[in-house]
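One letter stands for each residue in the lines below.
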Amino acid sequence: MNSPADRIAFLRDEINRHNRLYHLLESPEISDTEYDHLFQELVALEAAHPELATSDSPTQRVGFGPSEKFESAQHLVPMLSLDNAFGEEELRSFDDRVRRVLESENEIEYLAELKFDGASVSLVFENGRLVRAVTRGDGSSGEVVTPNILTIGSVPTQLNNAPAGLLEIRGEVLMSKAAFESVNAQRIAAGEQAFVNPRNAASGGLRQLDAKETAKRKLSFFPYGLGTGVLADSQFGVLSALNRMGFEGRDDAKLCTGVSALMEFIADVEARRATLPFGIDGVVIKVNDLGLQRQLGFTSRGPRWAIAYKFAAEQAFTTLREVSWQVGRTGVVTPVAELEPVFVGGVMVSRATLHNLEDLRKKDVRVGDTVIVQRAGDVIPEVIGPVLEKRISGAAEIDAPAHCPDCETALVKEERFVALRCPNKECPSQILAKVIHFASRKAMDIEGLGEKQVQRFLELGFITDLPSVFRLERHREQIASLEGSGEKSTQKLLDAIAEARLRPLDRVLFALGIRFVGERTAKDLARVFGSIENFRQATYAQLIEVPEIGPRTASEIESWLEEPVNQELIDGLLEGGVTPIASAEPSGDFFAGKTVVFTGKLEVFTRDQAEDWVRAFGGKAASSVSKATTLVVAGPNAGSKLDKATQLGIEVIDEAAFEELLKQARGEA
Ligand code: IVH
C-alpha cells in the first residue's frame, strides 16, 4: 500500500496537473466532482498528517497562476475561495461553527445568493472610474484583462456616486445560456469546435489576447462583493449599493435567518435552476452583518463567514459503451448512447441522446470514447461530445444503420431534416412510441398507461394503434388477470381512458404526434381551428396564416392530413368516443393588459391550464415577477416569487380568489 506521504505527493501532482488543464488550457480531463474528490482526499490526508502539510500544496492556494500572455497584477486583497457544503448536515455544521465563534445563542442572519458558474474577476475603480480588471489567477495575483472586460456592456466604466479613492468590486463573468446557444451555433456553422459548457466558454473568453474575440462571446458580469472599500455595513447593503452605482445585479439574493430558512431558499433555487437564464452551481451563503464577518475572519483558503452550498453537477465524464438506434413516433431513427452509468444532475444516467446522425458526425463521437454527459433539469440527458485527449487508438467510428433496427425496412435519409427515417407506418417501435406519446401526461394524460403497460398490451395484441386504446374495455378480464394487475387497477385504467375522451382539442392535436406539432403549436392550432372537423380539412394556406406556424410546420401538417391513414386515424378516435372540447377560446378581455404570475402549488388547476385561462381572457402569463407583473396567484409553498411580489407591492391572491375572478371573467359571478 502507498504511504500517506506517497499518496499526498501523488494527489498534489494530479491536482496541479488538473488545475493547469482547467485554468490554462481550458480542456479539463476530469469532471468537477472528480476534482472535488481528489481535493477532499488531500485535505483529509493533510489534516490527519499535519507533519506532511506544506505551504505549496494546492490546498493552500487557489486556482492557477497567470499565463505569460498577460501582464499580471497583485490583488489589493487576496481573492480567496469558498469551502463547500454538500447537504443540510454540512450546512448545519458551518452554522454551528459560526455561532460558536460568535458565541451566539440566536440564529444568524445570512444572505443567500446564487452561485454563478463562471469565472471570477476583480474590478478596480479609482474615484469611480474603472482602471483595471484582473482575473483571480492564483488568488494573490492574476492577469490584467481590462480590454476584455470592457466588451461586457453591463460593466459600468464610471460609477454613479462612487466614494472617493479605491474601490475593488468582485464578481463573476458568465455566459448566459442564450449566448452559449447562439455562439455555439455560429462556431459550428464556421466549422469550429463547440464549447462544452458556458463556464469554459466564459473563462476562455475572459482570457483572449484579442478583445474582439471576447466580444464575440457576449459575456455578462454579476457583482457579488468587495475587495477594498466600504459601501454599507451588511452584505445585502453592499449588493444594493452596487446596483445603485450602475451594476446590473440580480435580485435573487434572499435574507434568511437560520438554517431551515436557508434550506427552503436552496430548495426553491434548485427547482428553478434549469429555468434561470444562466448557469449556477449552488447557493453562496454569507453572514449578512459585515461586523460579524470581521469577527469571524479567514482561514488560508477562504472566509469563515461564507460557504458554498453545491448542487449536483450537470455534466460528468463517462465511457460510451455502444450506440443503439431508436425509432421514434414519427419513424425518425435516432442514435442513443449506451453509457457506463454515471451520476449526473442528481441521478444515475446510463443512456443519453446523441440527437441525430449529423450531430454525431459533427461531434465525432466514437465507441469507447470518454464523453461529456449533461443532464440539466428535466431535459433528457445528452452527450455533449468526446474528450479527444482521452481517445484510445482504433476507436471505431459509428456507422449509420441501413435498416430499421426493429422492422428491418430499408431506412430513408431525409436531406431536408438531417434525419434517418423508417418509412413503415406499421413498424412496431413506431406504434409503441406513438401510443406512449398519446397517453403521456401532456397529451391525453391517461394514468396507468405508461411505457411498460403499452409494451405489454402491444405484445398481447390489445393495442394495435391509437384508436384501439379506446377498445381496451373489451379486454377487461384478460387485463385484470395479468400479473401485477387486478380488478381495481383495471377499473382505474378504464376510468382514466373514459376521462381522456373529453380532453380539450389542443391536447388531442398534440397527442396525434404530428411532426413539429409540439404543445405550443397544438394550442395555436386549436385556438384558430376550434374543432377537429375544421382542423382535419385545413389547407396549407390556412395553416400558414396561423401566427407562429412557419412553412416547414405548415407543410408537414398538410402532408399529414393528406394521408388517408391519418384521416382514418381521426375517424377511429371519434368512433372511439373522443370528443375534443374546444379549449379556452379567446373569450373576452377580462385580463387584458394584465400580466399574471402563478407560484407555489396549485390544487384546482394545473399551471398550464391556469395560464391558458389568463391568455384566453386577453392577459399575459409570465414565469417571473417583475415590475411589469400586475397580479400574483400564490399557492402553498410559494417561495421567492411571492417575496418579490410583496417587496414590489404587487397584488397577491390565492387560487380560490383566482377561481372567483375566472367566474367573473366568464360572466358567471
Ligand atoms: S463570494 C472569499 N458570491 O464561487 C470568496 N462567490 O467557489 C468570496 N461565486 O471564487 C466569494 N457566485 O468565483 C461569492 N454569489 C457569489 C458567487 C461566488 C459565484 C464564485 C466565485 C468564488 C467561487 C468560490
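Refer to the structure presented above.
I will try to describe carefully the structure that is included in this document.

Concerning the overall build of the protein chain
Okay, step 1: Along its length, the protein chain carries 24 helices and 22 strands.
Okay, step 2: Over its C-alpha trace the protein chain gives a radius of gyration of 29 Å, about what one expects of a compact globule, namely 26 Å for 669 residues.
Okay, step 3: Once the C-alpha set of the protein chain is aligned to its principal axes, its extents read approximately 80 × 70 × 50 Å.
Okay, step 4: Classification of the 669 residues of the protein chain by burial places 48% in the buried group.

Section: the site of the ligand
Okay, step 1: Around the ligand, a shell composed of 14 residues is seen, among which Glu113, Leu114, Lys115, Glu172 and Lys286 lie nearest.
Okay, step 2: A distance of 2.9 Å separates an oxygen atom of the ligand from a polar atom in the side chain of Lys115.
Okay, step 3: Interatomic distance of 3.3 Å between a side-chain N/O atom of Ser120 and an oxygen atom of the ligand.
Okay, step 4: Elements supplying a minimum of two residues to the shell around the ligand: strand 3 (109–116) and strand 10 (280–287).
Okay, step 5: Considering every element that reaches the shell around the ligand, the biggest residue donor is strand 3, with 4 residues.
Okay, step 6: Broken down by class, the residue content of the shell around the ligand amounts to 7 nonpolar, 2 polar and 5 charged.

Some points on the packing of helix 3 (residues 88–102) against helix 9 (residues 259–272)
Okay, step 1: One way to put it is that helix 3 packs onto helix 9 with a least axis distance of 10 Å and a crossing angle of 140°. If you check the angle between helix 3 and helix 9, you find them oblique. Two packed elements cross with a definite hand, and for helix 3 against helix 9 that hand is right-handed. Seen from helix 3, the contacting residues are Glu88, Leu91, Arg92 and Asp95; seen from helix 9, they are Val259, Ser260, Leu262, Met263 and Ile266.
Okay, step 2: Of the residues contributing to the contact of helix 3 with helix 9, the split by class is 5 nonpolar, 1 polar and 3 charged.

Examining the environment of Ile108
Okay, step 1: Inspection of the secondary structure assignment puts Ile108 in the loop between helix 3 and strand 3.
Okay, step 2: Between the C-alpha atoms of Ile108 and Phe94, which are 14 residues apart in sequence, the distance is 11 Å.
Okay, step 3: Here Ile108 is in contact with Asp95, Val98, Arg99, Leu102, Cys256, Thr257, Gly258 and Val287, once residues within four sequence places are set aside.

Notes on the sheet that holds strand 9 (residues 254–257)
Okay, step 1: Reading across the sheet, the 5 strands line up as 2-11-10-3-9 and stay open at both edges, with mixed pairing between neighbours. Each edge of the open sheet carries a strand with a single partner, namely strand 2 (84–85) and strand 9.
Okay, step 2: Sheet topology places strand 10 next to strand 11 (residues 306–310); 5 bridges connect them, and they run antiparallel. Its bridge partner lying in strand 11, Lys286 is registered against Ala306.
Okay, step 3: Its contacts with the sheet place helix 3 against strand 2, strand 3, strand 10 and strand 11, and it is angled at close to 175° to strand 11.

What to know about the side chain of Glu338
Okay, step 1: Residue position: Glu338 is located in strand 13 (residues 332–344).
Okay, step 2: Within polar-contact distance, the side chain of Glu338 engages the side chain of Ser324 at 2.6 Å.
Okay, step 3: Residues within four places of Glu338 in sequence aside, it is in contact with Thr319, Leu320, Arg321, Glu322, Ser324, Ser350 and Arg351.

Notes on helix 22 (residues 607–616)
Okay, step 1: Those residues of helix 22 that fall on the buried side of the exposure criterion are Ala610, Glu611, Val614 and Ala616.
Okay, step 2: Here the buried face of helix 22 lies against strand 19 (595–599), strand 20 (620–622) and helix 24 (655–666).
Okay, step 3: Phi for Gly618, located one or two positions after helix 22, is positive at around 85°.

Notes on a nonpolar patch on the surface
Okay, step 1: On the surface, Leu76, Val77 and Leu166 cluster together into a nonpolar patch covering about 210 Å² of accessible area.
Okay, step 2: Considering the arrangement of structural elements, one finds Val77 in the loop between strand 1 (72–74) and strand 2.

A short note on the pattern of salt bridges
Okay, step 1: Counted under the stated rule, the structure contains 37 salt bridges.
Okay, step 2: A salt bridge links Asp465 to Arg471; the shortest N-O distance between them is 3.9 Å.
Okay, step 3: The exposure class assigned to Asp465 is partly exposed, which follows from its relative accessible area of 33%.
Okay, step 4: Judged by relative accessible area, Arg471 falls into the partly exposed class, the value being 32%.
Okay, step 5: Within this structure, Asp364, Arg366, Asp369 and Arg391 form a network of salt bridges that share partners.

Observations concerning helix 24
Okay, step 1: The first and last C-alpha atoms of helix 24 sit 16 Å apart over 12 residues, in line with the 16 Å expected at 1.5 Å per residue.
Okay, step 2: Within helix 24 the residues assigned to the buried category are Glu655, Phe658, Leu662 and Ala665. Mapping the buried residues of helix 24 onto a view down its axis gives an arc of 60°, with all of them on the same face.
Okay, step 3: As for helix 24, its buried residues are in contact with strand 19, helix 22, strand 21 (631–634) and strand 22 (651–653).
Okay, step 4: A positive backbone phi angle near 80° is found at Gly667, which sits one or two residues after helix 24.

Details of the sheet that holds strand 20
Okay, step 1: An order of 20-19-21-22 is seen for the 4 strands of this open sheet, with the pairing classed as parallel. In this open sheet, the two strands that pair with only one neighbour each are strand 20 and strand 22. Neighbour-to-neighbour, the strand axes of this sheet turn through a mean angle of 30°, independent of strand direction.
Okay, step 2: In terms of strand pairing, strand 19 meets strand 21 through 4 bridges, oriented parallel. Pairing of Phe598 across the sheet is with Val633, part of strand 21.
Okay, step 3: Here helix 22 sits on the sheet and contacts strand 19 and strand 20; the angle it forms with strand 19, its principal contact strand, is near 170°.

The rules we used
- Residues numbered from 1 in each chain as written.
- Predicted model: local features only at pLDDT ≥ 70, side-chain atom pairs only at ≥ 80, totals over all residues.
- Heavy atoms only, no water.
- Helix = DSSP H or I, 4+ residues; strand = E, 2+ residues; numbered from the N terminus.
- Rg over C-alpha atoms; globule rule 2.2 N^0.38 Å.
- Buried < 20%, exposed > 50% of the residue type's maximum accessible area, 1.4 Å probe, protein only.
- Near = heavy atom within 4 Å.
- Polar contact = N/O pair within 3.5 Å; in protein donor to acceptor, adjacent residues only side chain to side chain.
- Nonpolar A, V, L, I, M, F, W, Y, C, P; charged D, E, K, R; others polar.
- Axes fitted to C-alpha atoms, helices over the stretch in contact; angles between N-to-C directions.
- Parallel < 35°, antiparallel > 145°, perpendicular 65-115°, else oblique.
- Left-handed = near helix turned anticlockwise from the far one by under 90°.
- Contact = heavy atoms within 4.5 Å.
- Pairing = 2+ DSSP bridges.
- Patch = residues over 30% accessible without salt bridge, like charges linked within 9 Å, V, L, I, M, F, W, Y side chains within 5 Å.
- Areas by Shrake-Rupley, 256 points an atom, 1.4 Å probe, with all protein chains shown as cover.
- Salt bridge = Lys/Arg side-chain N within 4 Å of Asp/Glu carboxyl O.
- Expected span 1.5 Å × (residues − 1).
- Arc of directions from axis to C-beta.

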